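# Examining the three-dimensional arrangement
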Amino acid sequence: MSVKCYESDYKNYGKCLCLDNGKIKLIVTIDVGPRIVFFGFKDGDNVLFEDVDRNFYEINNGYGVWYAYGGHRIWSAPEVMPETYLPDNSKVEAIFDDGVLTLTPAKTKFDKQFELVIAMGDDCSVTVENKITNCSDKAAEFAPWSVTGLAAGGVELIPLCRDDNGFLPNRTVALWSYSDINDHRFTLADGYAILRQDSKEKKAFKAGFNVTGKQVIYIKGHNILRLCFDGYEPVRYPDFCCNYETYTNDLFLECEILGELKSYLPGETASIKEKWELSTTEWAADKVIDEFVSKL
């Protein structure tokens, strides 16, 4: 089964490109971003967050307004002003060749070149490579940061490290200043964490972990999205050495994968590779979680 790539205007995102293999489809913006703003079955619901009303934004004094737009984006960690919220509201170069879609926005004012490389298989999966190249003439310290905003109303399950380290610790749990450990959306168990998106709860919550299990899942209605990524390595990560973070508010839930935090030489590229797998279930979310946990 071949993958088609064609132009399509999607909602109020302007000109977009759609990847379609007859089973699933993925839509990316090319007038702004880039963002992956749709991922789902061809005639099904979107598992990604769509900010069509532009409710989630940040005013970056001297630089303009940064919009989340929704969906998936590539960022650079750590989170700082003004670089993190540098507006990316301009056109994106797009090349589709041999089944691979490469999206390249303009080089940033901080001498970083972002790039998304997307490949759709014949099954119900896509691979996404998130790349950042240091374009300056000196070394720059940062980490690649993959951020995927997911549609409201779902439940996320994060498998935690189960290594037996004897007298040494095996799990990292980082909390932000606005995170309430007793938040009703958050459950921390011995081998996993659960975070639920609740549209009635406006207060934000964020937590970070050392995820060694190479995957998390998000259950939204009858859809299950599995995000697969490289395991935890003996390197330095941001935010108390977390390679995975999650965030939620009243609009969406984010899955965030972090790469190595180090000094990248001029011309050196940082990369995060991930695979998205989409499936369906007739079970309720709690039963899906029980089944997933039983196999950990």
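Here, every reference points to the structure presented above.
In short, a report on the structure. For clarity, every value in this text was computed on a predicted model and none was experimentally measured.

### Focus on the environment of Phe-49
Inspection of the secondary structure puts Phe-49 in the loop between strand E4 (36-41) and strand E5 (57-60). Given a relative accessible area of 8%, Phe-49 falls into the buried group.

### Some remarks on a nonpolar patch on the surface
Residues Val-173, Leu-175, Ile-181 and Leu-188 make up a contiguous nonpolar surface patch of roughly 310 Å² in combined accessible area. For Val-173, the position within the fold is in strand E14 (residues 173-175). Residue Val-173 is classed as partly exposed on the basis of its relative accessible area of 37%.

### Re helix H2 (residues 285-294)
Of the positions making up H2, those classed as buried are Val-288, Ile-289, Phe-292 and Val-293. Along H2, the residues classed as buried sweep out an arc of 130° about the axis, all on the same side. Opposite the packed face of H2, turned more than 90 degrees from it, sit the exposed residues Asp-290 and Ser-294. Summarising the contacts, the buried residues of H2 are in contact with strand E13 (155-159), strand E16 (192-196), strand E18 (215-220) and strand E19 (223-229).

### What to know about the side chain of Asp-20
The residue Asp-20 is located in strand E2 (residues 15-20) in this model. Only 2.7 Å separates the side chain of Asp-20 from the backbone nitrogen of Gly-22, close enough to count as a polar contact. For Asp-20, the contacting residues outside a window of four places in its chain are Ser-2, Val-3, Lys-4, Tyr-6, Lys-25, Lys-42 and Met-120.

### Digging into the pattern of salt bridges
Scanning the entire structure with this criterion turns up 17 salt bridges. The residue Lys-91 makes a salt bridge to Asp-31 at a minimum N-O spacing of 2.8 Å. A residue pair is termed long-range when its members are at least 10 positions apart, and Lys-91 in the loop between strand E7 (72-77) and strand E8 (93-97) and Asp-31 in the loop between strand E3 (24-29) and E4 qualify at 60 residues. Looking at Asp-31, the relative accessible area reads 22%, which means it is partly exposed. Of the charged contacts in the structure, one is a salt bridge between Glu-291 and Lys-295, with a shortest N-O distance of 3.5 Å. On the basis of relative accessible area, Glu-291 is assigned to the partly exposed category, the value being 32%. If you follow the salt bridges from partner to partner, you end up with Lys-206, Glu-245 and Glu-256 in one network.

### Examining the sheet that holds strand E9 (residues 100-104)
Taken in spatial order, the 10 strands make up an open sheet running E8-E9-E10-E11-E23-E19-E18-E13-E16-E15, and their pairing is antiparallel. The sheet is open, and its two borders are formed by E8 and strand E15 (186-188), each paired with just one other strand. The mean inter-strand angle of the sheet, taken between neighbouring strand axes irrespective of direction, is 15°. The sheet contact formed by E13 and E16 spans five bridges and is antiparallel. Directly across from Val-155, in E16, lies its bridge partner Arg-196.

### Observations regarding the state of the cysteines
Overall, the coordinates contain zero disulfides when judged by the stated rule. Summary of cysteine pairing: Cys-5 is not part of a disulfide, and the nearest cysteine sulfur, belonging to Cys-18, is at 8.0 Å. Take Cys-5: its relative accessible area is 25%, and that puts it in the partly exposed class. Looking at the unpaired Cys-124, the closest cysteine sulfur is the one in Cys-228, lying at 14 Å. When its relative accessible area of 22% is taken as the criterion, Cys-124 is described as partly exposed.

### What to know about the packing of aromatic side chains
The final tally for this structure, using the stated rule, is 18 aromatic pairs. Their ring planes at 75° and their centres at 6.1 Å tell us that Tyr-10 and Phe-38 sit as a pair that is edge-to-face. With Tyr-10 in the loop between strand E1 (4-9) and E2 and Phe-38 in strand E4, this pair connects stretches of sequence that are 28 residues apart. We note that Tyr-10, like Phe-38, is buried. Put simply, the rings of Phe-49, Phe-56, Tyr-178, Tyr-247 and Phe-252 pair up and form one aromatic cluster. A cation over an aromatic ring shows up here: Lys-25 above the ring of Phe-38, its NZ or CZ 4.9 Å from the ring centre.

Rules used in this analysis
- Residues numbered from 1 in each chain as written.
- Predicted model: local features only at pLDDT ≥ 70, side-chain atom pairs only at ≥ 80, totals over all residues.
- Heavy atoms only, no water.
- Helix = DSSP H or I, 4+ residues; strand = E, 2+ residues; numbered from the N terminus.
- Buried < 20%, exposed > 50% of the residue type's maximum accessible area, 1.4 Å probe, protein only.
- Patch = residues over 30% accessible without salt bridge, like charges linked within 9 Å, V, L, I, M, F, W, Y side chains within 5 Å.
- Areas by Shrake-Rupley, 256 points an atom, 1.4 Å probe, with all protein chains shown as cover.
- Salt bridge = Lys/Arg side-chain N within 4 Å of Asp/Glu carboxyl O.
- Arc of directions from axis to C-beta.
- Contact = heavy atoms within 4.5 Å.
- Polar contact = N/O pair within 3.5 Å; in protein donor to acceptor, adjacent residues only side chain to side chain.
- Pairing = 2+ DSSP bridges.
- Axes fitted to C-alpha atoms, helices over the stretch in contact; angles between N-to-C directions.
- Disulfide = S-S within 2.5 Å.
- Phe/Tyr/Trp six-rings, centres within 6.5 Å; stacked < 30°, edge-to-face > 60°.
- Lys NZ or Arg CZ within 6 Å of the ring centre and 35° of its normal.

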